[in-house]
Amino acid sequence: MPSPHSAVSEPSLPTHGSAPPTTPTAQEAAAPTGPAQPPHPTATRNARPAAPRKRSRFRVPRGVRRASGPLGLVLVWFLASATGVLPESVLASPVDVVQRAADLIGTGELPQAIAASGRRAATGFLIGATVALALSLTAGLFRLGEDVIDASMGMFRAIPWVGLIPLFIVWFGIDETPKIALVALGVTYPLYFNIYGGIRSADSQLIEAGRMAGLGRIGLIRYVILPSALPGALVGLRYALSTAWLALVFAEQVNADAGIGYLMSNAQQYFQTDVIVLCLAVYAVLGLMCDFAVRLLSRRLLAWRASFDGEGA
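First, a word on what this report is: a plain description of the structure on this page. (Residues numbered from 1 in each chain as written. Predicted model: local features only at pLDDT ≥ 70, side-chain atom pairs only at ≥ 80, totals over all residues. Heavy atoms only, no water.)

**Considering the overall build of the chain**
Along the chain, the regular secondary structure elements total twelve helices and zero strands. The linear arrangement of helices and strands in the chain, starting from the amino end, is α-α-α-α-α-α-α-α-α-α-α-α. Sequence-distant contacts, at least 24 apart, represent 72% of the contacts inside the chain between residues at least 6 apart. When the accessible surface of the chain is summed, it comes to about 21,700 Å², and 65% of that surface belongs to carbon and sulfur atoms. (Helix = DSSP H or I, 4+ residues; strand = E, 2+ residues; numbered from the N terminus. Contact = heavy atoms within 4.5 Å. Areas by Shrake-Rupley, 256 points an atom, 1.4 Å probe, with all protein chains shown as cover.)

Laid out in structure tokens, this is it:
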């Protein structure tokens, strides 16, 4: 008779040399047992996005874009003169201005006038820049200099420097001195305020870092303060050069015997609008050349500074 315990069978132990039984893992148990399905086409496209096609876009050079504004104005001027909208008695046409420029260049009057005005502008600029640099460094680097100089400069800046022409004539006569003094005065203010503002806007953390690095007073001025003030000084230089030519326009209207302003005064008496426009164009071109030179100088001197230069094409 069988024993009651014979119904329960004990697990058989593996014999020597046989492989142990394997237990399926959770991944194998969860894996489907059916035939493998190919990937859906939509999933394949989502897994491998197509590379965007490069769109070739034609870009106009920046030099052409910069010249488009002045050339457009000249074109409008020419069309207005050619159609009679702008009478010649009001403003000469560009063709007449170019012809008069060729005549004055042939006789030598225009080159001589440009040379005389250039000497006045250069002399006045050098005097004004020297004064502005000395005053701005004194006021920017020393508190005593700021207390003595800055308030006075702010007061004199409120006085229209063009209104000082009669006083300059009383002081210096009618020779070259009042003309050069007016240019120097016009140059002094923009250079002073921009250099002074650049010095005082130096980062205090950089100054403290320089002191911790062992820099003394001269070292801080040379390696920290002056480089920080350089961008403002270059902005003031651009403004000062344009102001120098503006001051020269007023200065050469007063008893001048040579220069671009002298040609304008004579043309005003004889209602020669082509000569007047030509002289104004010469002033504008000279100012544009000075501005372009300062921009190139700024690129070289400020190459170490990463700055925002616009977005887009």
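**Here we look at the packing of helix H7 (residues 165-172) against helix H8 (residues 176-200)**
Relative orientation of the contacting elements H7 and H8 amounts to 135 degrees, with a least axis distance of 9 Å. In terms of orientation, H7 lies oblique with respect to H8. Judged by the sense of rotation from one axis to the other, the crossing of H7 with H8 is right-handed. Contacts between H7 and H8 involve Ile165, Phe168, Ile169 and Phe172 from the first element and Thr177, Pro178, Ala181, Leu182 and Leu185 from the second. Along the lines of polarity and charge, the residues of the contact of H7 with H8 split into eight nonpolar, one polar and no charged. (Axes fitted to C-alpha atoms, helices over the stretch in contact; angles between N-to-C directions. Parallel < 35°, antiparallel > 145°, perpendicular 65-115°, else oblique. Left-handed = near helix turned anticlockwise from the far one by under 90°. Nonpolar A, V, L, I, M, F, W, Y, C, P; charged D, E, K, R; others polar.)

**Some thoughts on the side chain of threonine 243**
Structurally, the position occupied by threonine 243 is in helix H10 (residues 217-251). Ignoring any residue separated from it by four or fewer positions in sequence, one finds threonine 243 in contact with Trp161, Gly186 and Pro190.

**Points about a positive patch on the surface**
Taken together, the side chains of Arg59, Arg62, Arg65, Arg66 and Arg299 define a basic patch exposed on the protein surface. The element contributing the most residues to the positive patch is helix H3 (residues 62-82), with three residues. Tracing the chain through its elements places arginine 299 in helix H12 (residues 273-301). Residue classification places arginine 299 among the exposed residues on the basis of a relative accessible area of 59%. (Patch = residues over 30% accessible without salt bridge, like charges linked within 9 Å, V, L, I, M, F, W, Y side chains within 5 Å. Salt bridge = Lys/Arg side-chain N within 4 Å of Asp/Glu carboxyl O. Lys, Arg positive; Asp, Glu negative; His and termini not counted. Charge placed at Lys NZ, Arg CZ, Asp CG, Glu CD. Buried < 20%, exposed > 50% of the residue type's maximum accessible area, 1.4 Å probe, protein only.)

**A look at the pattern of salt bridges**
This structure, assessed with the given rule, holds six salt bridges. Measuring nitrogen to oxygen at the nearest pair gives 2.7 Å for the salt bridge that ties glutamate 252 to arginine 120. Of the two residues, glutamate 252 is situated in the loop between H10 and helix H11 (260-269) and arginine 120 in helix H5 (residues 109-141); the sequence distance between them amounts to 132 residues. In this structure arginine 120 comes out as buried when scored by relative accessible area, which is 4%. The structure contains a network of salt bridges with shared partners spanning Arg120, Glu176 and Glu252.

**A closer look at the layout of surface pockets**
One number sums up the size of the largest pocket: a volume of about 850 Å³. Listed by contribution, the elements that provide at least two residues to the lining of the largest pocket are H3, helix H4 (94-107) and H12. Ranked by the residues each element gives to the lining of the largest pocket, the list is headed by H12, at eleven residues. Of the residues contributing to the lining of the largest pocket, the split by class is 17 nonpolar, one polar and five charged. (1 Å grid on protein atoms, 1.4 Å probe; cavity = no way out; pocket = protein on both sides within 12 Å on 5 of 7 lines; lining within 4 Å. Points joined across faces, edges and corners; volume = space filled by probe spheres on them.)

**As for the packing of aromatic side chains**
Applying the stated criterion to the full structure yields five aromatic pairs. Seen from their ring centres, tyrosine 192 and phenylalanine 193 are 5.0 Å apart, and the 80 degrees between their planes marks the pair as edge-to-face. Among the aromatic side chains, those forming a connected cluster through ring pairs are Phe168, Trp171 and Phe172. (Phe/Tyr/Trp six-rings, centres within 6.5 Å; stacked < 30°, edge-to-face > 60°.)

Any functional reading would require information that these geometric values do not contain.
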